[in-house]
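Per-entry structural report
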Amino acid sequence: MSKLRVGLLFGGRSGEHEVSIISARAIANALSAEANSQKYEIVPFYIQKNGVWQGGETAQQVLKSSEATENPAITPNLWQFPAETAEIDLWFPILHGPNGEDGTIQGLLTLMQVPFVGSGVLGSAAGMDKIAMKTAFAQAGLSQVKYKAITRAQIWSNPCIFPKLCDEIEATLGYPCFVKPANLGSSVGIAKVRSRQELEAALDNAATYDRRIIVEAGVVAREVECAVLGNDNPKASVIGEITFDSDFYDYETKYTEGKADLLIPAPLPETVVQQIQEMALQAFAAVDGAGLARVDFFYVEATGEILINEINTLPGFTSTSMYPQLWANTGISFTELVDQLIQLAIERHTNSKLEDSVK
Ligand SMILES: Nc1ncnc2c1ncn2[C@@H]1O[C@H](COP(=O)(O)OP(=O)(O)OP(=O)(O)O)[C@@H](O)[C@H]1O
Ligand SMILES: C[C@@H](N)C(=O)O
Ligand SMILES: [Mg+2]
Ligand SMILES: [Mg+2]
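Residues numbered from 1 in each chain as written. Chains lettered and ligands numbered in written order. Predicted model: local features only at pLDDT ≥ 70, side-chain atom pairs only at ≥ 80, totals over all residues. Heavy atoms only, no water.

- Per an unreviewed UniProt entry, the protein carries the name D-alanine--D-alanine ligase and comes from Sphaerospermopsis aphanizomenoides LEGE 00250.
- The Catalytic activity (unreviewed entry) comment attached to the protein in UniProt states, word for word, "2 D-alanine + ATP = D-alanyl-D-alanine + ADP + phosphate + H(+)". (UniProt positions renumbered as here; feature names shortened; annotations may be inferred.)

Right, here's the structure in full:
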């Protein structure tokens, strides 16, 4: 039986470029495990920070070495796909953040008519943009913190409205609040602010990352996460909790071994576990997720409130990331998990062909 050629897409034009490389290495290892290596051949594609795709030896090297090597910039009009892209049977995009987790790559792969792992255009776009995702969550009746959506133009283009905007944030959300680029992950560009001066600086900084910015009321709560796996009948994993000493779960805390502890399963009453699992599945459906997602929550123990924070449609697969560990603790090993993700991609693609033929 010939092996399925799996195009592993990683790197990407995103502030989460380095995280993607580490996630891709873990996926490549799982695909190389004995049970999978009989079925799948890995064909890596590294997307440089400037957006240029590299296949062949360069991609292999980035995947193997600990350094992300940048080839010299190629002028956009000379930009082309490596020839091996034409021979891919199935794509495994393990790209985090904009230009990878947000529906852009998913649109390209949909047009190529080749199956791919994860959500489609809508699920990826709605799951990436924190403003769009919160609108979908509200519509689904999921509780969340108070927030305000802002555009870069409100911060940069009109100095007269900026003080009023800050007044409004102070009056409606108060301090501490969290300023975030709407389309990013791994806490890149996020600031916890406690004063007017910090608020102004954080808004200015977030606007360097994204046109769309969100400010959220800060909540004091336990942080818990749930993994989702499946297409139209997805299942939810056990719940994991993250504890740390830092001010919040920032980039350094997330990716430095020993800075955060992951408690799996989280020590929670069974009723709370069930509510979180139910909410995770509702969130997945609300954005039209497919394949996989990790849903992040705040649990306010004193009141019993469960607030949804966000969904990640291409969650991290690094050694400190929750998604694979949640499934391992639910009974699905990493090796099995990547196999199931590929099978789900094939199932979704087959169903979409069915829809095309009905039309
Ligand atoms: N409203 C809030 N109240 C309290 N803490 C918050 C709030 N929003 C974010 N945080 C803190 O910031 C962290 C990162 O927030 P969030 O999950 O929204 O960012 P992200 O960049 O999408 O992260 P990732 O995709 O890596 O999970 C949270 O895990 C939490 O520690
Ligand atoms: C990769 C990072 N955005 C995560 O959610 O794990
Ligand atoms: Mg996120
Ligand atoms: Mg998060």
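Description of a negative patch on the surface
- Together, Asp 232, Asp 288, Glu 347 and Glu 355 make up a region of like negative charge exposed at the surface.
- In this structure, Asp 288 sits in the loop between α11 (270–286) and β12 (291–300). (Patch = residues over 30% accessible without salt bridge, like charges linked within 9 Å, V, L, I, M, F, W, Y side chains within 5 Å. Areas by Shrake-Rupley, 256 points an atom, 1.4 Å probe, with all protein chains shown as cover. Salt bridge = Lys/Arg side-chain N within 4 Å of Asp/Glu carboxyl O. Lys, Arg positive; Asp, Glu negative; His and termini not counted. Charge placed at Lys NZ, Arg CZ, Asp CG, Glu CD. Helix = DSSP H or I, 4+ residues; strand = E, 2+ residues; numbered from the N terminus.)

Topic: the coordination of the magnesium ion (ligand 4)
- Only Asp 296 (OD) and Glu 310 (OE) from the protein coordinate the magnesium ion (ligand 4), and they sit 2.0 to 2.2 Å from it.
- A spacing of 4.0 Å is found between the magnesium ion (ligand 4) and the magnesium ion (ligand 3), which share Glu 310 as a donor. A residue pair is termed long-range when its members are at least 10 positions apart, and Asp 296 in strand β12 and Glu 310 in strand β13 (residues 305–312) qualify at 14 residues. Considered together, Asp 296 and Glu 310 belong to a single accessibility category, that of buried residues. (Donors = N, O, S within 2.8 Å, 3.2 Å for Na, K, Ca; no water. Buried < 20%, exposed > 50% of the residue type's maximum accessible area, 1.4 Å probe, protein only.)

Structural notes on the pairing of β13
- Of all eight residues that make up β13, seven are buried, and the element is covered over most of its length.
- Pairing between β12 and β13: seven bridges, direction antiparallel. Note that in β13 the partner of Phe 297 across the bridge is Ile 308.
- Taken together, β12 and the strand that follows it, β13, pair antiparallel across an intervening segment of four residues, in which Gly 304 is found at a positive phi of about 80°. (Pairing = 2+ DSSP bridges.)

Some points on the pattern of salt bridges
- Tallied over the full model, the rule gives 18 salt bridges.
- The salt bridge involving Asp 89 is made with Arg 5; its shortest N-O contact spans 3.3 Å. Here the residue Asp 89 occupies a position in the loop between α3 (56–64) and β4 (90–93), and Arg 5 occupies one in strand β1 (residues 4–11), the gap between them amounting to 84 residues.
- Residue classification places Asp 89 among the partly exposed positions, given a relative accessible area of 26%.
- One continuous salt-bridge network, built from bridges that share partners, spans Asp 167, Glu 170, Arg 196 and Glu 200.

A short note on the UniProt feature "domain: ATP-grasp" (unreviewed entry) in the protein
- Per the UniProt record, the feature "domain: ATP-grasp" (unreviewed entry) sits at residues 134–343.
- Secondary structure content for residues 134–343 is 36% helix and 29% strand, and the end C-alpha separation is 30 Å.

A closer look at the site of ligand 2
- As a matter of local geometry, ligand 2 sits amid Glu 16, His 96, Gly 185, Ser 186, Tyr 255, Arg 294, Asn 312, Pro 315 and Gly 316.
- Protein chains shield 94% of the accessible area of ligand 2, which is 220 Å² for the free molecule. (Near = heavy atom within 4 Å.)

Some words on the packing of aromatic side chains
- In total, this model carries eleven aromatic pairs according to the counting rule given.
- Taken together, a centroid distance of 5.1 Å and an interplanar angle of 65° make the contact between Tyr 251 and Tyr 255 edge-to-face. With a gap of four residues between them, Tyr 251 and Tyr 255 both fall in helix α10 (residues 251–255), about one helical turn apart.
- The class for Tyr 251 is partly exposed, based on a relative accessible area of 33%.
- Three or more aromatic residues link up through ring pairs in this structure, and these residues are Phe 45, Trp 53, Phe 81 and Trp 91.
- Lying across the ring of Tyr 249, Lys 254 places its NZ or CZ 5.0 Å from the centre. (Phe/Tyr/Trp six-rings, centres within 6.5 Å; stacked < 30°, edge-to-face > 60°. Lys NZ or Arg CZ within 6 Å of the ring centre and 35° of its normal.)

Focus on the site of ligand 1
- In the vicinity of ligand 1 lie 23 residues, with Lys 130, Lys 180, Ser 187, Glu 223 and Lys 254 positioned nearest.
- Lys 130 is positioned such that a nitrogen or oxygen atom in its side chain is 2.6 Å from an oxygen atom of ligand 1.
- The contact in question runs from an oxygen atom of ligand 1 to an N or O atom on the backbone of Tyr 249, over 3.0 Å.
- In isolation ligand 1 exposes 620 Å². Once the protein is present, 95% of that is buried.
- Breaking the shell around ligand 1 down by element, the ones donating at least two residues are β6 (177–181), β8 (212–217), β12 and β13.
- Per-class residue counts for the shell around ligand 1 are nine nonpolar, six polar and eight charged. (Polar contact = N/O pair within 3.5 Å; in protein donor to acceptor, adjacent residues only side chain to side chain. Nonpolar A, V, L, I, M, F, W, Y, C, P; charged D, E, K, R; others polar.)

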